[in-house]
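Given next are the chains, with one letter for each unit.
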Amino acid sequence: MIPSGALTYLKSPQLRLLWASAHTRLSKNGRVARGRLTLTNLDDAQREAFGQLLDRIVGATHTVDLSQLDQQLRATAAGTGLLGVVEAVIGPVQDRRTDAAVERERRALLHEHANAALLAAGLDGCPWTSEWLDRLWRQGLPARLPSADVRTIIGQAATALGLTVGAHSRTWSRGELAQVVTGTAHGLDDDTTLNRLVLRGLALALTGSTDIPAGAAERRALWDAAGVAGDTIATTVLTYGLRPDNVPWLHERAEAHLTLREVRRITPLRLPHRTVFVCENPRVLEAALDNGIVAPMVCTMGNPTTVTLALLDAITTSGQVQLAYHGDFDWPGLAIANRIMTRYPTRPWQFTASYYRAAVEQAAARSIPRQPLTGRPAHSPWDLDLAEAMSELGISIHEEALIESLLTDLQTKS
C-alpha cells in the first residue's frame, strides 16, 4: 500500500495526465510497463510537476520511458511500480489482450454451439445458414447478451427455422410455433429478439435477402411464405373442383375459400384424382369456372401462404396425388415454382422453355407491349433451359396472358 503522504502527492491534478495516459498504455500492454509515452501541450504547472517527479527538465512535449519510470517509482516513497501507482490513482487496469483473447474464445465456443443447433434442427446443409450466423455475429449478438442467453436464443431460432424452412417443415400458426419453441405463445411476438432472428433467417432462406422487411405487411407475408400464419381463420386458400371422398360437404362447393382451421379439419384428403392443377393467378381458376371445366385446381394467389401450403400438404400426403404447376414467367414466378416443386411431387404444367418461347412469340405477334424481367434471377431445376431462355430474352409473361392455352389443356384432362 502506498503511504498516504506519497499517495496525496501522486494524486495531484498536475500529474493526472501522466497517470491517465499510462493507464491506457498499460491496458494495451497487458499490464506491463514497457514502451514510450509522449505527452503534448503540457502547461507550466504540469511541466513543473513532471520535472520534479522525473528529476529532469520537461518541455511542452515530453516522452516518457515507461520501464524507467517504473524503476524510478519503486525507488521512491511510493514503494511500488508504475502499475501500482496508476491503479491507486486512476483505478484498476484491465488486461485488454487477455480480455480480448478470452472474448474470442467465448465467441468461438458460442459459434460452435450455434452450428450444433443448426445441425440438430436439420439445417446444416442449407447454404444460407452461414450468412445468417455471420450477420448475427457482425451485428454484435454475442457482445450484447451473456453466453447463456446467446446459446438459448440461437437454439430457439434454429429450432424455429428448422420447423419452417427445414427438411421437416410443416404449417403453423405463429402462436403454436412459439409455444413449441419457447414454451409460451408470445415467444415470437413482434417486439422480441427471437422474432427478429427468425425473420432474418427466413428472409435469407426464402428470398436471399439479408434484410428483415421494414413493413408489417411485408413481415406477415414472409411468415406466410414460411408456412406460419398469424392465426387459423384470417386467411384462406382458393380451390376449385376438389371432391375428396372423405369430405362430402366440399362436393357442394365448386369453388371454395378454405381457412387453415378448415384445412386442418379435413387433413388428410382422399381424392379420386391423380393430378391437381396449381396456378398462381386467380384469373386462371375463374376462367376454368366460367367455362365449366371441372379439373381439380388450387390457386396460390402469388407466393403461397400458410393455408395454401397446408392444403397442398393435405392433398399430397397420401403419396397418390401429383401436382401440376404453372405460374408467371418472371423471376418471382420461378422462385414460387421452386418452392412448390421442392416441397411436393410436382411436374411443370406448360412451364418449360418451349412454352416460354412460344408465349414470347405470341405476345409479339399480337403486338402486346414487352414487359422486361425485373428482380433477382431464379433457377429452374425442372427445366434448366427455362431460366436460360428467360435471361436471354429478358421478357416477362404473366399467367393471365396464357389462359387460352391452359384452358385447352385442362379440357382434355378434366
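Data block above holds the structure.
Quick caveat: nothing in here was measured; it's all calculated off a predicted structure.

Engineer: Could you clarify how one ought to interpret the overall build of the protein in this entry?
Structural biologist: Tallying secondary structure elements over the protein gives 20 helices and 10 strands in all. Taken over the C-alpha trace, the protein has a radius of gyration of 34 Å; the compact-globule value for 414 residues is 22 Å, which it surpasses by more than 25%. Within the protein, counting contacts between residues at least 6 apart in sequence, those at least 24 apart form 66% of the total. About 20000 Å² of surface is accessible on the protein, with carbon and sulfur atoms providing 51% of the total. Measuring between centres, the 41 positive side-chain charges of the protein sit 7 Å from its 43 negative side-chain charges.

Engineer: When you look at the side chain of Ser380 in this model, what are you seeing that I'm missing?
Structural biologist: Tracing the backbone through its elements, the reader meets Ser380 in the loop between helix H18 (353-365) and helix H19 (384-393). With residues up to four places along the chain from it excluded, the contact list for Ser380 reads Leu334, Leu386 and Ala387.

Engineer: I tried to follow the pattern of salt bridges on my own but got confused; where do I start?
Structural biologist: Close approach of charged atoms lets side chains of opposite charge pair. Evaluation of the coordinates by the stated rule reveals 11 salt bridges. Asp65 serves as the salt-bridge partner of Arg36, at 3.9 Å between the closest nitrogen and oxygen. Pair noted here: Arg36 is in strand E1 (residues 36-39) and Asp65 is in strand E2 (residues 62-65), with a separation of 29 residues, a long-range link. Residue Arg36 is classed as exposed on the basis of its relative accessible area of 54%. Between Glu176 and Arg264 there is a salt bridge, with its nearest N and O atoms 2.7 Å apart.

Engineer: Help me out: how do you make sense of the nonpolar core in this one?
Structural biologist: It is characteristic of soluble globular proteins that their nonpolar side chains tend to be buried jointly. Counting 48 residues, the largest nonpolar core has Val298, Leu311, Ile315, Tyr356 and Ile397 as its most contacted members. Breaking this core down by element, the ones donating at least two residues are strand E6 (255-259), helix H14 (260-266), strand E7 (275-279), helix H16 (306-316), strand E9 (322-325), helix H17 (331-343), H18 and H19. The element that contributes the greatest number of residues to this core is H16, accounting for seven residues. Once residues lying within four places of it in the same chain are set aside, the contact partners of Tyr356 are Phe329, Leu386, Ala389, Met390, Leu393, Gly394, Ile395 and Ile397. Grouped together as the second largest cluster of nonpolar side chains are 37 residues, Trp132, Leu136, Trp172 and Leu188 included.

Cut-offs used in this document
- Residues numbered from 1 in each chain as written.
- Predicted model: local features only at pLDDT ≥ 70, side-chain atom pairs only at ≥ 80, totals over all residues.
- Heavy atoms only, no water.
- Helix = DSSP H or I, 4+ residues; strand = E, 2+ residues; numbered from the N terminus.
- Rg over C-alpha atoms; globule rule 2.2 N^0.38 Å.
- Contact = heavy atoms within 4.5 Å.
- Areas by Shrake-Rupley, 256 points an atom, 1.4 Å probe, with all protein chains shown as cover.
- Lys, Arg positive; Asp, Glu negative; His and termini not counted.
- Charge placed at Lys NZ, Arg CZ, Asp CG, Glu CD.
- Salt bridge = Lys/Arg side-chain N within 4 Å of Asp/Glu carboxyl O.
- Buried < 20%, exposed > 50% of the residue type's maximum accessible area, 1.4 Å probe, protein only.
- Core = buried A, V, L, I, M, F, W, Y, C linked by side-chain atoms within 4.5 Å.

Interpretation in functional terms is not warranted from these geometric data alone.
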